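# Coordinate inspection notes
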Amino acid sequence: MSARRNPPAGNQGAEDQRASGSTTTVPRASVIAYCRAYAARGCFGRYWVLVIDTCPYCRRTHRHGGGDQLRPTYGHRSAHCGSTGPHRGYWLEPVTKEAA
């Protein structure tokens, strides 16, 4: 093995994660978009579709993938609606009675 190998990806930014007390790699934005999860079936099996009824930027409906696990995977998604900034996005959260 070469001595000039890159360190494993898990070690990069470990100091920043310890300092913040969070293990997320994307900084939590203040913009939260509430979405509904639907199970769908395609040629590769079952997966989740997350639907945002009202985008916080353009007020239109957007769809994002939610993974193929037993429960949908929420979290940070990029906003693809006329995005001008590299970090423009939102955190997906499930719709609850309090948010409705």
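Here, the structure is the one placed above.
In what follows, the accompanying structure is described. Being a predicted model, the structure only gives us computed values, none of them experimental. Per chain, the residues get numbers from 1 upward, laid out in the order the sequence is written. Residues qualify for local features only when their pLDDT is at least 70, as the model is predicted, and side-chain atom pairs are given and counted only at 80 or more; totals for whole chains, interfaces and linings, by contrast, use all residues. Where side-chain values are given, they derive from all heavy atoms of the structure, hydrogens and water being excluded.

## A short note on the pairing of strand β2 (residues 45-52)
Heads up, the rule is: At least two DSSP bridges between two strands are needed for those strands to be called paired. Note on conventions: DSSP H or I runs of at least 4 residues are helices, E runs of at least 2 residues are strands, and numbering of each starts at the N terminus.
Two elements, strand β1 (residues 32-42) and β2, share eight bridges in a ladder whose sense is antiparallel. If you follow Gly42 over to β2, its bridge partner there is Gly45. Where β1 folds back on β2, the antiparallel hairpin that results is connected by two residues. Relative to strand β3 (residues 62-65), β2 runs antiparallel, the two sharing four bridges. Residue Leu50 lies in a different strand from β3, and its bridge partner there is His64.

## Structural notes on the pattern of salt bridges
Convention followed: A pairing counts as a salt bridge when a side-chain nitrogen of Lys or Arg comes within 4 Å of a carboxyl oxygen of Asp or Glu. A 1.4 Å probe rolled over the protein chains alone gives each residue an accessible area, and that area as a share of the maximum for its type sets the label: buried under 20%, exposed over 50%, partly exposed in between.
Tallied over the full model, the rule gives one salt bridge. Among the ionic pairs, Arg36 bridges to Asp53, the shortest N-O distance being 2.3 Å. Placement of the pair is Arg36 in strand β1 and Asp53 in the loop between β2 and β3, with a sequence separation of 17 residues. For Arg36, a relative accessible area of 31% translates into the label partly exposed.

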